[in-house]
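# An overview of the molecular structure
Residues per chain, in single letters:
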Amino acid sequence: PRTILLSRHGESEDNTKGLLGGDSQLSPRGRAYAKVLSEFITEQHELRRNYDYLSFNNITVWTSTMKRTMMTSSQIPYDKLQWRQLDEIDAGICEGMTYAQVEESMPKEFAARQADKFGYPRGESYHDMIYRIEPTLMELERQREPVLIIGHQAVNRVIYAYLMGKKPIDCVEIPIPLHTVMEILPNAYGATEKRYDLND
Ligand code: F6P
């Protein structure tokens with residue numbers, strides 16, 4: 001058994017404007033989270049390395065290839081791996097827009113996606129994402145040591161649903177708050193979770 005720590009990137013410039021997609025950098029608040037997250041992880045490592053029944057020795061940090069996740073990992077002093085499969089959902093022609101702008105300019109498309117985010121065929125659907133993330137999940141299953149995954153809202157929904165044994169179709173509305181670490185502890189019949197709210 002190994003523990004998995006799941007976090008979104010720190011708040012990005014686009015998050016502050018409510019823009020979908022993109023590859024923006026972290027906002028000042030997001031940069032502060034990068035520091036707090038690094039301190040949290042190193043502290044947990046120190047506290048738990050010697051007695052935790054779950055090994056907490058060699059933590060690896062997995063991110064996407066997007067600036068906001070790599071910047072969030074930048075101060076953490078452990079080995080890092082970047083996965084393109086963990087990049088955020090592709091919002092297609094809605095990239096760079098706000099939800100309000102999409103609703104205003106493409107009301108039918110907006111309503112269709114709201115009604116079926118799992119199957120919505122334009123850009124990338126959650127169904128598409130499950131297929132592209134699957135190889136990363138298989139690799140995760142092979143790990144013997146804890147992994148900290150710094151991902152994105154949609155990507156973390158897929159990973160969380162998989163690890164917690166939720167139905168794929170139900171993943172689309174799982175709340176994945178910013179600046180919160182979800183620790184997932186596998187057990188014989190599933191998993192339990194613990195949350196750390198690292199908001200200032
Ligand atoms: O708003 C942040 C974000 O990660 C966007 O980049 C992405 O398009 C969106 O969340 C995905 O969430 P939903 O599937 O709920 O629209």
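Everything below is about the structure shown above.
Cut-offs used in this document
Residues numbered from 1 in each chain as written. Predicted model: local features only at pLDDT ≥ 70, side-chain atom pairs only at ≥ 80, totals over all residues. Near = placed C-beta within 6 Å. Nonpolar A, V, L, I, M, F, W, Y, C, P; charged D, E, K, R; others polar. Pairing = 2+ DSSP bridges. Helix = DSSP H or I, 4+ residues; strand = E, 2+ residues; numbered from the N terminus. Axes fitted to C-alpha atoms, helices over the stretch in contact; angles between N-to-C directions. Core = buried A, V, L, I, M, F, W, Y, C linked by C-beta atoms within 7 Å. Buried ≥ 20, exposed ≤ 12 C-beta atoms within 10 Å, placed from the backbone. Contact = placed C-beta atoms within 7 Å. Right-handed = clockwise from strand over helix to strand, strands pointing away.

### Digging into the site of the ligand
- Taken together, the residues surrounding the ligand are L20, G21, E88, I89, A91, K117, H152, Q153 and A154.
- Classifying every residue of the shell around the ligand gives four nonpolar, three polar and two charged.

### Section: the sheet that holds strand β3 (residues 80-82)
- Sheet architecture is open: six strands sit in the order β3-β2-β4-β1-β5-β6, paired in mixed fashion. The sheet terminates laterally at β3 and β6 (190-197), the two strands that pair on one side only. With direction set aside, neighbouring strand axes in the sheet form an average angle of 20 degrees.
- In this structure, strand β5 (residues 180-187) lies alongside β6, joined through eight bridges in antiparallel fashion.

### Re the nonpolar core
- One finds L6, M129, L148, I149, V155, V158 and I159 to be the most contacted residues of the largest nonpolar core, which totals 31 residues.
- Elements represented by at least two residues in this core include exactly β1 (4-8), α2 (28-48), β2 (60-63), α6 (126-141), β4 (147-151), α7 (153-163) and β5.
- Broken down by element, this core gets its largest block of residues, six residues, from α7.
- In this view, I159 contacts L6, I133, L137, I149 and G151; residues no more than four positions away in its chain are not counted.

### Things to note about the pairing of β2
- Pairing analysis gives four bridges linking β2 to β4, with the strands arranged parallel. By the bridge assignment for β4, T63 is matched with I150.
- Where β2 meets β3, three bridges bridge the pair, whose relative direction is parallel. Paired with W62 across the two strands is L81, which belongs to β3.
- Crossover connection from β2 via helix α3 (residues 67-73) to parallel β3: handedness right-handed.

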